[in-house]
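Notes for the structure review
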Amino acid sequence: MLPGSQSGKIQVEDELGVLKQAFDDMLLSIQKATNREIAAKTSAVEAKLFALQAQMNPHFIHNTLFIVQAYAREENFKMVDEICEELSDMIRYSANWQQNVTLGEELRHVDCYMKLVKCRYEDGVRYFVKCDSVSEAIRMPQFILQPIVENSLEHGLKKREFPWIIEIKCYTENNCWMIEIWDNGIGITPDKKSEILLFLENIKMGNQDILEQGLKIRRSFAKKM
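A short tour of the structure in this document, coming up. Everything numeric here is computed off the predicted structure, so don't read it as measured data. (Residues numbered from 1 in each chain as written. Predicted model: local features only at pLDDT ≥ 70, side-chain atom pairs only at ≥ 80, totals over all residues. Heavy atoms only, no water.)

**What about the packing of aromatic side chains?**
The tally for this structure, following the rule as stated, stands at four aromatic pairs. Of the aromatic side chains, those joined through ring pairs into one cluster are Tyr-121, Phe-162 and Trp-164. (Phe/Tyr/Trp six-rings, centres within 6.5 Å; stacked < 30°, edge-to-face > 60°.)

Below is the structure:
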């Protein structure tokens, strides 16, 4: 053994230990910073989604109350009671924000909405829901389905003649749960489809400006209605 070789080996091991500890500390610091950034972005998105979820179309509420008034004048108090119950359930669901709900709860919210729509358009609107009991138990973000159905009515179906048809299918495929919402409206242009896909991709990447823009567009649309 060469003179001093043992002490040289110990010195090298000490230096490697120090480097390893410094590297571990750096990784831990990066992880903590990443977690803080994710938490901050998640909180911001949740706050914006809560603001979006709290918005009920005032035009829709006005029309519903007008229908209640019409039935009351006809002394059809059974219909008045049913409409008030559905509207009350919708408002209660919208006001009671939760991070996750079951698909069954979301479908019930859509059912309340569509029953009120049918009170206005009667046989001009038809809607069908196909969902098994397993899919109904799936947990998902709140207030997702009804705005999509509302968009089908506002942007696809109101520009064509009756009957307006909406179908909702919920099922599992390749270990993933799937929800399909179909309508017989005017459809969507390729340019608009590309715009929506780009918008969704930006949301997935955490682009706060894009999400804020989407909320402003919705608020502006609600005011015009």
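There's more to say after this.
**Details of the pattern of salt bridges**
Summed over the entire model, instances satisfying the criterion amount to eight salt bridges. In this structure, Arg-108 and Glu-86 form a salt bridge, with 3.5 Å as the shortest nitrogen-oxygen distance. Here the residue Arg-108 occupies a position in helix α4 (residues 103–121), and Glu-86 occupies one in helix α3 (residues 77–95), the gap between them amounting to 22 residues. Since its relative accessible area comes to 34%, Arg-108 is described here as partly exposed. The class of Glu-86 is buried, set by a relative accessible area of 10%. Put simply, Asp-89 and Arg-92 hold a salt bridge, and the shortest N to O gap is 2.7 Å. With Asp-89 and Arg-92 both in helix α3 and three residues apart, this pair spans about one turn of that helix. (Salt bridge = Lys/Arg side-chain N within 4 Å of Asp/Glu carboxyl O. Helix = DSSP H or I, 4+ residues; strand = E, 2+ residues; numbered from the N terminus. Buried < 20%, exposed > 50% of the residue type's maximum accessible area, 1.4 Å probe, protein only.)

**Comments concerning the packing of α4 against helix α6 (residues 145–157)**
Where α4 contacts α6, the two axes come as close as 9 Å, and the packing angle between them is 30°. In terms of axis orientation, α4 runs roughly parallel to α6. When the axes of α4 and α6 are compared, the crossing they make is right-handed. Contacts between α4 and α6 involve Leu-103, Glu-106, Leu-107, His-109, Val-110, Tyr-113, Met-114 and Val-117 from the former and Leu-145, Gln-146, Val-149, Glu-150 and Leu-153 from the latter. Classifying every residue of the contact of α4 with α6 gives nine nonpolar, two polar and two charged. (Axes fitted to C-alpha atoms, helices over the stretch in contact; angles between N-to-C directions. Parallel < 35°, antiparallel > 145°, perpendicular 65-115°, else oblique. Left-handed = near helix turned anticlockwise from the far one by under 90°. Contact = heavy atoms within 4.5 Å. Nonpolar A, V, L, I, M, F, W, Y, C, P; charged D, E, K, R; others polar.)

Any functional reading would require information that these geometric values do not contain.
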